[in-house]
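Descriptive structure summary
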Amino acid sequence: MSKSIVTRNTLLGVVVLGILGFSFAASAQAPQRTSLDKVIAIVDEGVVLQSELDARIEEILAQARVSGRALPPMAEIRTQVIEALVVENLQLQMAERMGIRFDDDTINQVFASLAEASNMTFDAYIADLESQSRYLSTREQVRKELALREIQRGIVNRRINITDQEIENFLNSETGRVTMAPDYLVDQILVPVGENDPAELVAAKEAYARSIYDAINEGADFLEVRMLAQRNAAANPPQGFPVSGSELGWRKTEQLPSLFADIVPGMRTGEVREPMRSSNGFHILKLVNVQGDSTRLVNQTHVRHILLTPNEIRTEDETRELIESIHQRIVDGENFGMLARQYSDDTASVVAGGDLSWVNEGGVSPDFEAVMRSLENGELSQPFRTSFGWHIAEVLDRREQDLSRQYRRSQAENNLRSRKFDIELENWLIEIREQAYVKVLI
């Protein structure tokens, strides 16, 4: 049994950006004239319509008006737009043949993101589109954008080959080291110390910095403590010593102040360090967040199970009764693996006697993982139900596994793939255009 989750968050994000441009341009258009549509190009089994050409040109003109950008002659614009529509049509035909479609829920997710980007509620955004008679056209544009991104991603990624040697070369290169290095978001509180401050004043400021740290360490919010200390220092009369500080922004190790560079990489996210002395004063650091950290210590569980699923010849009650009888046979001393091979419906583990091997945390369904977590090493579960059916599970062992190397290699491969994607996409589009039958009628 394995968990398979396919998400389209990145795809939806790209589509939202594209549709925002479309929506903005469309909103800037003057009321469109109603005219009889006609075919302007035959593209294999599809056609490009005059209305598509007019809408795309109007979109380009509207964007140019807003940005003040100069445009080439209209004849050149028409030629380029027709060519773009031809290539787009070819891709959409291919997506249709491959069964790439998006349901209404997915379309509505994009509209929800568009509404949020426009600082509007979902209902208000839809109502605004409907008031401009643009709801259906925008919805169709969303479907097209989603289909184009999906077909491009699916086909182009299959054309890109990343070798192990390329990954190693990238990881060992200066570019790779810089790209793969984590970014740290650090916040700080500083109690300044002047060059001429006497020793007693320096000691008092150190004690004050320590009291701020103690308050944070006892559960007070870092930002609130800093703001309170700053307000106290500005009060009349002031309470405590002057305090400064702020987030440093996202920085790589070499971009951090030298005092911080040796400390921050060893901190845990959310950790606050005791006051440190520099020539400027006493610093209290908090590591707010980390991006691109390749350290991946994963909790793994060695588990085996027997799965019985209700089917046409075995009802739910009969399945439950059978799993309970198998459970009792294991308790009575029969071999778990032998019974799994005889009865389990999990084809992925049945040959191994129900052994799922080492399962990463989050690597199985939540209901199965909840039971797995509750078991001690060597403990057999009671029969339990998940969305897959009825199970008996036994935890054999647990460990913490360092998957940092695998994660770094995966990130490096993604980076290399991203660099090759645009070039390979262009090559693919040229290929499908050259192989297609296209006849422009104007």
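Counting restarts for each chain, with residues numbered from 1 along the sequence as it is written. Residue-level local features of this predicted model are given only where pLDDT is at least 70; pairs of side-chain atoms are given and counted only at 80 or more, and the full residue set underlies all totals for whole chains, interfaces and linings. Working from all heavy atoms in the structure, the side-chain values ignore hydrogens and water.

Take the overall build of the protein next. If you tally the helices and strands in the protein, you get 15 helices and eleven strands. A globule of 442 residues ought to have a C-alpha radius of gyration of about 22 Å, yet the protein, at 31 Å, is considerably larger. In terms of overall dimensions, the protein has a C-alpha envelope of 85 × 80 × 50 Å along the principal axes. Relative to its full complement of 442 residues, the protein shows a buried share of 38%. Working definition: helices are DSSP H or I runs of at least four residues, strands are E runs of at least two. Numbering for both runs from the N terminus. Radius of gyration: over C-alpha atoms. The globule rule applied is 2.2 Å multiplied by the number of residues raised to the 0.38 power. Only protein chains enter the accessibility calculation, which uses a 1.4 Å probe; a residue whose area is less than 20% of its type maximum is buried, one above 50% is exposed, and one in between is partly exposed.

Let us now look at the layout of surface pockets. Of the two site types, the cavity is a set of points on a 1 Å grid over the protein atoms alone where a 1.4 Å probe fits but cannot get out, and the pocket is an open set with protein on both sides within 12 Å along at least five of seven lines, each lined by residues with an atom within 4 Å of a point. Grid points are joined across faces, edges and corners, and a volume is the space filled by probe spheres set on the points. In this structure, the second largest pocket encloses a volume near 420 Å³. Every element with two or more residues in the lining of the second largest pocket is listed here: helix H2 (50–67), helix H3 (74–97), helix H6 (135–159) and helix H15 (404–435). When its residues are assigned to classes, the lining of the second largest pocket shows six nonpolar, three polar and seven charged. Three classes are used, and their members are as follows: Ala, Val, Leu, Ile, Met, Phe, Trp, Tyr, Cys and Pro are nonpolar, Asp, Glu, Lys and Arg are charged, and the others, Gly among them, are polar.

Looking now at the nonpolar core. Counting 44 residues, the largest nonpolar core has Val48, Leu53, Val86, Phe111, Tyr125, Ile151 and Trp428 as its most contacted members. Listing elements by their share of this core, those giving two or more residues are strand S1 (39–43), H2, H3, helix H4 (104–117), helix H5 (122–131), H6, helix H7 (164–172) and H15. Per-element accounting of this core gives the leading share, nine residues, to H3. Note on definitions: a residue-residue contact is assigned when non-hydrogen atoms from the two residues lie within 4.5 Å. Beyond its immediate stretch of four places on either side in the chain, Ile151 contacts Gln91, Met94, Ala95, Met98, Ile100, Val156 and Trp428. Put simply, a nonpolar core is a bunch of buried Ala, Val, Leu, Ile, Met, Phe, Trp, Tyr and Cys residues held in one set by side-chain atoms that sit within 4.5 Å of each other. With 16 residues, the next largest nonpolar core counts Val202, Phe222, Ala229 and Phe282 among its residues.

Note on geometry: axes are C-alpha line fits, over the in-contact stretch for helices, and angles between N-to-C directions span 0 to 180 degrees. Here helix H12 (residues 316–331) crosses helix H13 (residues 336–343) at 155°, and the two axes come no closer than 10 Å. The orientation of H12 relative to H13 falls into the category roughly antiparallel. In this structure, the crossing between H12 and H13 has a hand that is right-handed. Of the residues in H13, those touching H12 at Leu322, Ile326, Arg329 and Ile330 are Phe336, Leu339, Gln342 and Tyr343. Just so you know how the angles are binned, under 35 degrees is roughly parallel, over 145 roughly antiparallel, 65 to 115 roughly perpendicular, and the rest oblique. Crossings are classed by handedness, with left-handed meaning an anticlockwise turn of the near helix from the far one by less than a right angle and right-handed meaning a clockwise turn.

Compared with the 22 Å implied by 1.5 Å per residue over 16 residues, the 23 Å span of H12 between its first and last C-alpha is a close match. Along H12, the positions that sit buried rather than exposed are Thr319, Ile323, Ile326, His327 and Ile330. Along the axis of H12, the buried positions cluster into a sector of 105°, meaning they face one direction only. On the buried face of H12, the contacting elements are strand S7 (297–308), H13 and strand S10 (389–402). Here the expected length of a helix is defined as 1.5 Å per residue gap, with one fewer gap than residues. Working note: the arc is built from the helix axis to C-beta atom directions.

Moving on, we come to the sheet that holds S1. Strand order in the open sheet formed by three strands is S2-S1-S11, with antiparallel pairing between adjacent strands. Of all strands in the sheet, those with a lone pairing partner are strand S2 (46–49) and strand S11 (438–440), marking the two edges. The sheet shows a mean angle of 20° between the axes of neighbouring strands, taken without regard to direction. Helix-sheet contacts for H2 involve S1 and S2, and the interaxial angle to S2 is about 50°. Note on pairing: two strands pair once DSSP finds at least 2 bridges between them.

Two numbers describe how helix H9 (residues 199–217) lies on helix H10 (residues 222–234): the axes approach to 9 Å, and their chain directions differ by 145°. The chirality of how H9 crosses H10 is right-handed. Of the residues in H10, those touching H9 at Tyr208, Ile212 and Ile216 are Phe222, Val225 and Ala229. Residues belonging to the contact of H9 with H10 are distributed by class as follows: six nonpolar, no polar and no charged.

Moving on, we get to the pairing of S10. When S7 meets S10, the two strands line up antiparallel, connected through twelve bridges. Each residue of the ladder has a partner; that of Asn299, found in S10, is Glu400. Summarising the sheet, strand S9 (residues 384–386) and S10 pair through three bridges and their orientation is antiparallel. Within S10, the position partnered with Thr386 by the bridge is Gly389.

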